[in-house]
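Residue-level structural notes
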2 protein chains.
Amino acid sequence: MEDVNICVDGMENVKVTDKKEKKTHKAKAPKTTGGGSGKKEVKKETGLGLSNKKDENFGDWYSEVVVSGEMIEYYDISGCYIIRPWAMAIWEIMQKFFDAEIKKLKIENCYFPLFLSSTVLQKEKDHIEGFAPEVAWVTKSGDTELEVPIAIRPTSETAMYPYFRKWDRGHRDLPLRLNQWCNVVRWKFSNPTPFIRSREFLWQEGHTAFATKVEADKEVLEVLELYRRIYEEFLAIPVVKGKKSENEKFAGGLYTTSVEAFVPNTGRGVQGATSHCLGQNFAKMFEINFENEKGEKGMVWQNSWAYSTRTIGVMVMVHGDDKGLVLPPKVASVQKDADVQAICDACSETAKELNNAGFRAETLRDNYSPGWKYSNWELKGVPLRIEIGPKDMAKNQVRVVRRDNGAKEDISRTILVDQIKDLLDNVQQSLFDAAKQKRDACVVVAKTWEEFTKALNEKRMILAPWCDEEEVERDVKARTKGEMGACKTLCTPFDQPELPEGTLCFASGKPAKKWTYWGRSY
Amino acid sequence: MEDVNICVDGMENVKVTDKKEKKTHKAKAPKTTGGGSGKKEVKKETGLGLSNKKDENFGDWYSEVVVSGEMIEYYDISGCYIIRPWAMAIWEIMQKFFDAEIKKLKIENCYFPLFLSSTVLQKEKDHIEGFAPEVAWVTKSGDTELEVPIAIRPTSETAMYPYFRKWDRGHRDLPLRLNQWCNVVRWKFSNPTPFIRSREFLWQEGHTAFATKVEADKEVLEVLELYRRIYEEFLAIPVVKGKKSENEKFAGGLYTTSVEAFVPNTGRGVQGATSHCLGQNFAKMFEINFENEKGEKGMVWQNSWAYSTRTIGVMVMVHGDDKGLVLPPKVASVQKDADVQAICDACSETAKELNNAGFRAETLRDNYSPGWKYSNWELKGVPLRIEIGPKDMAKNQVRVVRRDNGAKEDISRTILVDQIKDLLDNVQQSLFDAAKQKRDACVVVAKTWEEFTKALNEKRMILAPWCDEEEVERDVKARTKGEMGACKTLCTPFDQPELPEGTLCFASGKPAKKWTYWGRSY
């Protein structure tokens, strides 16, 4: 069964005959989509889409599209957002995929408390240094001061690992592989942005322990591949798999791998998801030992890995356009209830036929003008719109309109199911191809500092030969600090181009050790 | 596909031939199940089950069984518990059922923030009075004091309803039906108990708004029926459906319905789940208005409803025995990874055949003595154990042992799948029947104060004629306050016995208006 999204519209053969004429109709009964300012609502009432343009004012466009597309509502606490059903359904589709995949890997779900004692939180020094400024503290219940303040988890390493110690006694208890779906809180930051940077967000966090490093290393990449699939197969977004630099790795871990996406409009990289090998560092702090077959003491090797609701924000940024959201068919989901009474039989039948074939089709609400309806469903990013008019009825066909490129096609109802399946596969692939083409067009190889700064000013994602020294990385960060924010390493791609003998680091002039992606980042 | 749990054990035809002899074996390699005290671990090493008896020391038995059965680990913050995979899997099975059912009702999932501003929290007076003492407050992030303290949700009415106001403009936007799966925090209380009373717990909370009271009333009962099904069909626990008294209803609501379970060992009722009609009270406070077809202003009718991880605790209390957990087949799930290498082919084949038929069967880990293994899987409540010995191999049969009553049966492998299905249905039904018989045996009708107090001392669930006056209810509470805790109304069952003309209230002597259940409660 495909998870897809189609809207079937039959208004034209009820009320209007000429398709072209209808498009200019004014909407009579706009549904208020919680868009906020009166200005935006007026805009929507005209059925003309958004008031901001993606290319002109990206930040405002993004805020408007997530609100008008009914994904997000701004909340009365800054940096917190309401995830509305239209976005939640996307999260659930990804969750269903990922949860089933990790269960195949014998990873079990559990739930650890939201709260951390300050004792465990502070156990790993680098870790707490990384997270301390962002931790929210509970100090009161009702009117009573707590004896000791209690932290809200920014991540759960320190909540879990004392119990890993308890549960890992012998090699038979290994590997220990747990995951939880939960909320986490990271309070302090600037520029809150829905999905991308919010004070509370939803994620899964996997935490595993192995007897050997080989097993841990293997899992890091297995999970990273699942993250790649979420981005590339579900969200139709190309990502680079690679390793984070020492400066950018997870606080307290051994090494971090990531999938890195790129937003061409802002020229910024986005860390899409991370899969960390923690090595034996936490095991040392939390004394997670085990006894092997020979009765010898060993120390476990640990991983942790996570992806979050940020995925949805990246999808909006990459695919959305001036008409609104553009949802890849695999994550699109109809959840609006339709009032089928006033919709013609042909629409209901078509929707029913498509639903029976495993698609998610929905007839549109009545009582709205075609212009408003088209605009609304475009805003919400539904991949295909099916129109049925009197001429279509006579020819036993339907007209299918693609959201991604506006292309129209008449399809005979006798072969509808197969054609729709092909068309949706095509939309999914086209979205990925278009995103990849745009992303690739932004990638620039820079071998010198001049080439590097020029590319950075052009908002590129820069692949540059690097000496792999932390000091040089910090220096680049300092030298590029400007209005747009500093440039940092995104990742060192696993897929390394050849590095000819004698290639020098673009920044230090020392011998280069690897190719690394650099850029500004969310 | 059934969700069931079977363990297939083939140790006997590898190492031992006489089944009876094996049962007295001492375990060689106990797996430390995180049981806590050394005493318990010694107990488990003998393979003899728990150190506390359900009938002798219920509280200690309960704590021991949830820990030894690997459902819960006590956490370093009092009143918070770790939900381990064995319990999480039960939660997920119920969640899958309930989520699919509410989606059929066109209820959509969403996610509102964990945090509440004190302004919205205090908007509904009765509501905040009910929850204020339990609210946890965040006052600090990093080292910085927040300008205004922020509350952690004890429930989300006040987080959501300002946005219901925003989203409900016209009758076309109604009904508005949302649900979220999340954690909530209620800090202040005595006697924390895993699953039953914890400071943080997982639940779903549904929040809906309708144009008319008729629609709201209908939904209240539809959802209550789903809660009954969770208890009776999945957890095999009989419940009473009914209405809460004015004293016991949801703070700020119009009326509350509930499913009430009963724990015979302690003689206490348990509020299993609640479905509230909020009336127009919150709508008034939050100004949730809409315009009907005629352009007239109306005010919405609202419901909210929830069930939580408490369900799992009730299941443990009702079905568990001195050997450990007893899981109803429908919620039992094998998640332990099995090392199949040392397990005989017959076991693997049998497990494979059962898994292919839609059951969840698992071969047991090797390297443990049969005595320890039996004890461990009994502790964890697996509904059926399948043993295969040399004689069974010769006869092409297996021996099946039921967890609930210990009954053994030899089944030919040629008809295994059908027989196992029947047997599991039988176990599920038997558990419910046994629980119902025990519960029914605890129900007593009391018409006078003397009968009432006698029954209360005998730990009964009391059905009594009541005048329905709040003051009388408060008076009963005050008069029964003793070591065991006060008695209160559980619910007024929808299924009312006849109330003959002239029947008097057991407590006030005034004319009785209804039959109501009374008892001590969790």
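Residues numbered from 1 in each chain as written. Chains lettered and ligands numbered in written order. Predicted model: local features only at pLDDT ≥ 70, side-chain atom pairs only at ≥ 80, totals over all residues. Heavy atoms only, no water.

- Where an unreviewed UniProt entry is consulted, chain A appears under the name proline--tRNA ligase, with the organism given as Papaver somniferum.
- Annotation of chain A in UniProt includes, under Catalytic activity (unreviewed entry), the sentence "tRNA(Pro) + L-proline + ATP = L-prolyl-tRNA(Pro) + AMP + diphosphate". (UniProt positions renumbered as here; feature names shortened; annotations may be inferred.)

1. Some details on the pattern of salt bridges
Residue and element names in this part refer to chain A.
- This model, assessed by the stated rule, comprises 69 salt bridges over all chains.
- With a shortest N-O distance of 3.0 Å, Lys213 and Asp217 are connected by a salt bridge. In this pair, Lys213 and Asp217 both sit in helix H8 (residues 213-234), four residues apart, roughly one turn of the helix.
- Overall, the relative accessible area of 31% leaves Lys213 in the partly exposed class.
- Here the residues in one salt-bridge network are Glu101, Lys104, Glu225, Arg228, Arg229, Glu232, Glu233 and Lys241, joined through shared partners. (Salt bridge = Lys/Arg side-chain N within 4 Å of Asp/Glu carboxyl O. Helix = DSSP H or I, 4+ residues; strand = E, 2+ residues; numbered from the N terminus. Buried < 20%, exposed > 50% of the residue type's maximum accessible area, 1.4 Å probe, protein only.)

2. Brief notes about the relation of the copies chain B and chain A
- Its rotation angle being 180°, the transformation that places chain B on chain A also includes 0.0 Å of axial translation and leaves an RMSD of 0.0 Å. In short, the pair behaves as if placed about a two-fold rotation axis. Every residue of chain B has its C-alpha some distance from the rotation axis, and the shortest such distance is that of B:Val138, at 2.1 Å.
- Taken as a fraction of all interface residues of chain B, those also at the interface in chain A reach 100%, which identifies the copy contact as same-surface. (Least-squares fit on C-alpha atoms with pLDDT ≥ 70 in both. Contact = heavy atoms within 4.5 Å.)

3. Concerning the domain arrangement of chain A
Residue and element names in this part refer to chain A.
- When the domains of chain A are assigned, the result is domain 1 (58-319), domain 2 (342-439) and domain 3 (446-519).
- Taking only C-alpha atoms into account, the centre of domain 1 sits 37 Å from that of domain 2.
- Domain 1 puts 17 residues into the contact, and the matching count from domain 2 is twelve residues.
- Of all residues in domain 1, the largest losses of buried area upon contact with domain 2 belong to Trp86, Ala236 and Pro238, amounting jointly to 38% of the total for that side.
- Connecting domain 1 to domain 2 are one salt bridge.
- Among the ionic pairs, Lys380 bridges to Glu70, the shortest N-O distance being 3.0 Å.
- Seen at the junction of domain 1 and domain 2, the total is four residue pairs in polar contact (both at pLDDT 80 or more).
- For the side of domain 1 that touches domain 2, the secondary structure elements donating two or more residues are helix H4 (85-104), H8 and helix H10 (310-319).
- Looking at which element gives the most residues to the side of domain 1 that touches domain 2, the answer is H8, with three residues.
- When the residues that make up the side of domain 1 that touches domain 2 are grouped by side-chain class, the tally is eleven nonpolar, three polar and three charged. (Domains from an automatic or database assignment. Buried area = accessible area lost by both parts, 1.4 Å probe. Polar contact = N/O pair within 3.5 Å; in protein donor to acceptor, adjacent residues only side chain to side chain. Nonpolar A, V, L, I, M, F, W, Y, C, P; charged D, E, K, R; others polar.)

4. Some remarks on the packing of helix H4 (residues 85-104) of chain B against helix H8 (residues 213-234) of chain B
Residues and elements named next belong to chain B.
- Contact geometry for H4 and H8: axes closest at 11 Å, N-to-C directions at 150°. Relative to H8, H4 is oriented roughly antiparallel. You can see that H4 and H8 cross each other, and the crossing is right-handed. Facing Ile93, Met94, Phe97, Phe98, Glu101 and Ile102 of H4, the residues of H8 in contact are Val223, Leu226, Tyr227, Arg229, Ile230 and Phe234.
- For the contact of H4 with H8, a count of residues per class yields ten nonpolar, no polar and two charged. (Axes fitted to C-alpha atoms, helices over the stretch in contact; angles between N-to-C directions. Parallel < 35°, antiparallel > 145°, perpendicular 65-115°, else oblique. Left-handed = near helix turned anticlockwise from the far one by under 90°.)

5. Re the side chain of B:Lys244
Residues and elements named next belong to chain B.
- Mapped onto the elements, Lys244 comes out in the loop between strand E10 (240-243) and strand E11 (255-263).
- Since its relative accessible area comes to 8%, Lys244 is described here as buried.
- Within the local environment of Lys244, its side chain forms a polar contact with the side chain of Glu260, the two groups lying 2.6 Å apart.
- Beyond its immediate sequence surroundings of up to four residues, Lys244 is in contact with Lys249, Thr256, Ser258, Glu260, Gln271 and Leu490.

6. Observations concerning the pairing of strand E22 (residues 488-493) of chain B
All names here are of chain B.
- For E22, a buried count of five out of six residues is recorded, marking the element as mostly surrounded by other parts of the structure.
- Across two bridges, the pairing between E10 and E22 is antiparallel. In the strand pairing of E22, Lys243 is matched with Thr492.
- In terms of strand pairing, E22 meets strand E23 (residues 514-521) through three bridges, oriented antiparallel. Each bridged residue has a counterpart across the sheet, and for Cys491 the counterpart in E23 is Tyr517. (Pairing = 2+ DSSP bridges.)

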